[in-house]
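Spelled out, the chains give:
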Amino acid sequence: PPRLFYAFMFSREFQLLDLVQRELGPEVVDAFLVIEANMSHSGAPKPLHLVESGLLEGSPRVAHVPVLDLQASTTDREREVHQRDQGVYRGLRLVGAQPDDLVLITDVDGVVSAPALEAARRC
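This write-up is about the structure you can find in this document. All of these numbers come straight from a predicted model, not from anything done at the bench.

## Considerations on the nonpolar core
Piece 1. Ranked by internal contacts, the top residues of the largest apolar core, which has 16 residues, are Y6, F8, L24, V29, F32, V34 and L117.
Piece 2. Put simply, the parts of the chain that give this core at least two residues each are β1 (4-9), α1 (14-23), β2 (31-37) and α4 (114-122).
Piece 3. With 3 residues, the top contributor of residues to this core is β1.
Piece 4. Those residues in contact with V29, other than ones at most four positions away along the chain, are L4, Y6, L24, R61 and L117.
Piece 5. Listed in part, the 13 residues of the second largest apolar core include F5, M39, V65 and V67.

## Notes on the sheet that holds strand β3 (residues 62-67)
Piece 1. One open sheet holds the 4 strands; their spatial order is β3-β2-β1-β4, and the pairing between them is parallel. Across the chains shown, the open sheet's two edge strands, defined by having one partner strand only, are β3 and β4 (102-105). Shown here is a sheet whose adjacent strand axes are inclined to one another by a mean of 20°, direction ignored.
Piece 2. Sheet analysis places β1 next to β4, joined by 4 bridges and oriented parallel. In the sheet register, F5 faces β4, and the bridge partner there is V103.
Piece 3. Along the sheet face, helix α3 (residues 76-94) touches β1, β2, β3 and β4 and points at about 135° away from the line of β3.

## Looking at the pattern of salt bridges
Piece 1. Under the criterion given, the structure shown has 8 salt bridges.
Piece 2. Of the charged contacts, one joins E36 and K46 as a salt bridge, the two residues approaching to 3.8 Å between their closest N and O atoms. Of the two residues, E36 sits in strand β2 while K46 sits in the loop between β2 and α2 (49-53), which places them 10 residues apart along the sequence. For the pair shown, E36 and K46 are each scored as buried.

Rules used in this analysis
- Residue positions within a chain follow its written sequence, with the count starting from 1.
- Side-chain atom pairs in this predicted model are given and counted only at pLDDT of 80 or more, local residue features only at pLDDT of at least 70, and totals for whole chains, interfaces and linings cover all residues.
- Only hydrogens and water are set aside when side-chain values are computed; all heavy atoms of the structure are taken into account.
- Take the buried Ala, Val, Leu, Ile, Met, Phe, Trp, Tyr and Cys residues and link them wherever side-chain atoms come within 4.5 Å; each set so joined is a nonpolar core.
- The buried label goes to any residue with under 20% of its type's maximum accessible area, the exposed label to any with over 50%, and the partly exposed label to all in between, with areas taken from a 1.4 Å probe on protein chains only.
- Put simply, DSSP marks the helices as runs of H or I at least four residues long and the strands as runs of E at least two long, and each gets a number from the N terminus on.
- Here, residues are in contact when the closest pair of their heavy atoms is within 4.5 Å.
- Any two strands with at least two DSSP bridges between them are considered paired.
- Structural elements are reduced to axes, namely lines fitted to C-alpha atoms, with helices fitted over the stretch in contact, and the angle between N-to-C directions of any two is expressed from 0 to 180 degrees.
- Any carboxyl oxygen of Asp or Glu within 4 Å of a side-chain nitrogen of Lys or Arg constitutes a salt bridge here.

These figures capture arrangement, not role.
Quick look at the structure:
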């Protein structure tokens with residue numbers, strides 16, 4: 001059966017990350033691609049909060065995808081698009097995604113219900 005990867009950009013949404021992991025267990029989502037940049041979309045430098053938190057050690061289904069090549073000389077929208085697109089691309093390579101696997105790209109606060117994802121797997 002195809003695997004399901006749940007991808008989203010991350011800044012400091014620790015409670016939402018915890019909620020998504022609890023609501024969407026391993027029987028629903030194989031891995032979360034958590035895409036984090038060292039620059040905000042407005043161009044300000046920022047730390048990799050997920051790395052600093054130490055939470056990655058206890059989260060085997062979380063694939064942390066750092067995007068460290070955003071350019072301050074680009075627009076906010078260009079930085080956002082680059083972070084999302086490169087993060088998904090790099091994350092899928094990181095987890096060894098196959099052509100039949102499913103990928104949901106969403107915002108961390110756009111939690112999709114487990115029954116909806118289970119139905120998508122059956123399509």
